[in-house]
Amino acid sequence: MKEISLIIGADHLGLPLKNTIKEHLLKNNYKVDDLGVNTDDMVDYPDIGEKLAKKIASTPGHRGILFCGTGAGMAIVANKIPGVRAVCINDPYTAERAIASNNAQVVTLGSLITGPEVAKKLVDIWLSNEFQQGRSGTKVDKINKIDKSA
């Protein structure tokens, strides 16, 4: 089992991609906590996004992946929770820099814009990288100060 524990969640639009990524993660021996949804019944993405982000904020060392139609809505919701940094990833460089430069514990993906094979590669890139500190460390510290002052 990999050292990284993952929490995943999706609205109804993100469900198919969530299931594909969950299977991919389990096949690669990650521990995965699935917060749902698990049916294609309509659900508002803020409900799942808030639930996952609060769990990430209270569980240091865990990372989360959220899925919706574009990934944008879930990123907005997750970033509302103090202590959580979420990035919508659509390309390999953003997937790498999300964690390497921004120490993002959460990434979001859009099932209507990102195909399953690309999504697997993006998640793998994010998971294979770590926060690099350095100059980025001071920037993330400033983000953390903003969280505390809000």
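Let me sum up the structure you'll find in this document. Model, not experiment: these values are computed from the prediction. (Residues numbered from 1 in each chain as written. Predicted model: local features only at pLDDT ≥ 70, side-chain atom pairs only at ≥ 80, totals over all residues. Heavy atoms only, no water.)

Tracing the chain through its elements places leucine 122 in helix α5 (residues 116–127). Along the primary structure leucine 122 and isoleucine 89 are separated by 33 residues, whereas in three dimensions their C-alpha atoms are 7.3 Å apart. Here leucine 122 is in contact with Ile89, Asn90, Asp91, Pro92, Ala95, Leu109 and Thr114, once residues within four sequence places are set aside. (Helix = DSSP H or I, 4+ residues; strand = E, 2+ residues; numbered from the N terminus. Contact = heavy atoms within 4.5 Å.)

Our focus in this paragraph is the pairing of strand β5 (residues 106–110). Most of β5 is tucked away: five of the five residues are buried. Pairing geometry for strand β3 (residues 62–68) and β5, over five bridges, is parallel. Among the inter-strand pairings, cysteine 68 is bridged to a residue of β5, identified as glycine 110. Considered for its hand, the β-α-β crossover made up of strand β4 (residues 86–88), helix α4 (residues 92–100) and β5 is right-handed. (Buried < 20%, exposed > 50% of the residue type's maximum accessible area, 1.4 Å probe, protein only. Pairing = 2+ DSSP bridges. Right-handed = clockwise from strand over helix to strand, strands pointing away.)

Turning next to the packing of aromatic side chains. Within this structure, the stated rule accounts for zero aromatic pairs. The ring of tryptophan 126 carries the charged tip of arginine 63 above its face, separated from the ring centre by 5.0 Å. (Phe/Tyr/Trp six-rings, centres within 6.5 Å; stacked < 30°, edge-to-face > 60°. Lys NZ or Arg CZ within 6 Å of the ring centre and 35° of its normal.)

So, about the nonpolar core. With 24 residues, the main nonpolar core has Leu25, Ile65 and Leu109 as its most contacted residues. Elements with a contribution of two residues or more to this core: β1 (5–10), α1 (15–27), β3, α4, β5 and α5. It is α5 that contributes the most residues to this core, five residues altogether. Counting residues in hydrophobic clusters, the runner-up holds 17 residues, among them Ile7, Ile56, Met74 and Val106. (Core = buried A, V, L, I, M, F, W, Y, C linked by side-chain atoms within 4.5 Å.)

As a further point, take helix α6 (residues 134–149). Note on helix geometry: an α-helix contains 3.6 residues per turn, so any two residues three or four positions apart are oriented the same way. Across its 16 residues, α6 extends 24 Å between first and last C-alpha, which sits within 8% of the 22 Å expected from 1.5 Å per residue. Turning to α6, its buried residues are Ser136, Gly137, Val140 and Asp147. On an axial view of α6, the arc spanned by its buried residues comes to 105°, and they lie on one face. In this structure, α6 carries Arg135, Lys142, Lys145, Ile146 and Ser149 as exposed residues pointing more than 90 degrees from its buried face. (Expected span 1.5 Å × (residues − 1). Arc of directions from axis to C-beta.)

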